[in-house]
Amino acid sequence: MNNPATGPATGPATGPATGPATGPAPSPTPDKVMQLITGGWACSILGAAARHGLFTVLEGKPDTVESVAKKTGISLRGAQALLDGLTGLGLLSLSGGRYQNSPEASVFLVKGKNSYLGAMAEVMLEDFGTWQKLPEAAKTGMPSAANTADMEDNPFWHQLVPAIAALSYPIAQMSAERLGIAKAGAVSWLDVGGGSGVFSAVWLGVNKQAKGVQLDWPNVNKISRGFVGNFGVADRFQTIDGDFHTTDFGSAKYDFVIYSHIAHSEPPVENIAVFRKFRKALKPGGTLVINDFILNDDRTGHPFAMLFTSQMLVATKEGSTYRQADYRAWLAEAGFKSVEIVPTPTPSTLVFAK
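**Q** How do you make sense of the pairing of strand β10 (residues 339-343) when you look at a structure like this?
**A** The pairing of β10 with strand β11 (residues 349-353) spans five bridges and is classified as antiparallel. Pairing of V339 across the sheet is with A353, part of β11. Remark: five residues form the turn of the hairpin made by β10 and β11, two consecutive strands paired antiparallel.

**Q** Please explain a nonpolar patch on the surface as it appears in this structure.
**A** A cluster of nonpolar side chains, namely V33, M34 and I37, defines an oily patch on the protein surface of about 300 Å² accessible area. For M34, the position within the fold is in helix α1 (residues 31-37).

**Q** Where do I start with the pattern of salt bridges in this structure?
**A** Within this structure, the stated rule accounts for nine salt bridges. In this structure, K71 and D63 form a salt bridge, with 2.7 Å as the shortest nitrogen-oxygen distance. Measuring nitrogen to oxygen at the nearest pair gives 3.7 Å for the salt bridge that ties R98 to D63. Here D63 lies in the loop between α3 (54-58) and α4 (65-72) and R98 lies in strand β4 (residues 98-101), a separation of 35 residues in the sequence. Judged by its relative accessible area of 41%, R98 is partly exposed. Look at the salt bridges and you will find they share partners, linking R51, E122 and E126 into a network.

**Q** Help me understand the pairing of strand β6 (residues 211-216), please; the structure alone is not making it clear to me.
**A** Moving residue by residue along a regular strand, the side chains alternate between the two faces of the sheet. Within β6, five of the six residues are buried, which leaves the element mostly enclosed by the surrounding structure. Strand direction decides the pairing type here: strand β5 (residues 188-192) and β6, joined by five bridges, are parallel. Bridge pairing in β6 places S188 opposite K211. The handedness of the β5 to β6 crossover, carried by helix α12 (residues 198-206), is right-handed. For β6 and strand β7 (residues 237-241), the ladder comprises five bridges, and the chain directions are parallel. Bridged to G212 within β7 is F237.

**Q** Looking at this structure, how should I read the sheet that holds strand β9 (residues 282-292)?
**A** The strands making up a sheet are joined through hydrogen bonds of the backbone, oriented either antiparallel or parallel. If you trace the seven strands from one edge of the open sheet to the other, you get β7-β6-β5-β8-β9-β11-β10, paired in mixed fashion. The open sheet terminates on both sides in strands that have one partner only, identified here as β7 and β10. Averaged over all adjacent pairs, the angle separating strand axes in this sheet is 20°, with direction ignored. Note: strand β8 (residues 254-260) against β9, six bridges, orientation parallel. Along β9, the bridge assignment pairs Y254 with L282. Helix α14 (residues 268-281) contacts β5, β8 and β9 of the sheet and is inclined by roughly 145° relative to β9.

Rules of the game
- Residues numbered from 1 in each chain as written.
- Predicted model: local features only at pLDDT ≥ 70, side-chain atom pairs only at ≥ 80, totals over all residues.
- Heavy atoms only, no water.
- Pairing = 2+ DSSP bridges.
- Helix = DSSP H or I, 4+ residues; strand = E, 2+ residues; numbered from the N terminus.
- Patch = residues over 30% accessible without salt bridge, like charges linked within 9 Å, V, L, I, M, F, W, Y side chains within 5 Å.
- Areas by Shrake-Rupley, 256 points an atom, 1.4 Å probe, with all protein chains shown as cover.
- Salt bridge = Lys/Arg side-chain N within 4 Å of Asp/Glu carboxyl O.
- Buried < 20%, exposed > 50% of the residue type's maximum accessible area, 1.4 Å probe, protein only.
- Right-handed = clockwise from strand over helix to strand, strands pointing away.
- Axes fitted to C-alpha atoms, helices over the stretch in contact; angles between N-to-C directions.
- Contact = heavy atoms within 4.5 Å.

Right under this line is the structure:
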């Protein structure tokens, strides 16, 4: 037995035990490993349930398997399989023959809510083929996806862009509060690679004088205009079609620049290059806002952020999950003097640079 203060014991104990016997450590069980092995089952069950709207029909209305099958238009056998699986996963509860959404399912899996993540489960379900090739990607260091993240006409964007908006929605709210967007007056911003436009939708919603500009590929900007329009703020939202690697952002034009979930797709040299362009595009005193999955300097962090490194392996040619130290170094090299890194309640981390 080791004593932290004095080191290892050198002989047998000579007196009666003074505390509870510890006994041998419990033997490992296979539970965690089996959960991981069958993770594809869980994703498939969740993705299928989301696609057929099971959580939506159950919201606020506990119901029987027969009724769920009828309302969703799926077979009775299929409904039973999905309901059993979802109950086993803890996303539903069962009482008196009626199934009911768990609190997590109610918040994140009911269609129509800003926090809806069901579409992301569907995206992951469709992407199984890519992940099946992870062993080869790990061997070669090259992506296994048929369409990589740097492709403008990647049809995957039409699924992914709206699906992941819910991930950034609370971050957009948090950053707006931290920056005082609501009371900032007639400010403007450039959202580079803005995807769904969720940052502009939220920020424009709290500031009626502001104007938002998004730079992204044409097919993505089309999605964002529809998304932002649903928030009733499209009249103050502008899109620029283009590739941010080659597009000129202008000089001293914006109060804020937003770079959300793009840095992880880029190699360090490209992130430094775009950070320099951001520095030039910002007005004096302006702020660059980065939102991404960022690891601690020892490469620990949120489990999702750590798993995301493999997503970058299979989907990008040079992307990765980067450390806080990487962002600090890149931003300093690009001319930013002040860098604040702020954790969030989500897997994402916010970075504010001036």
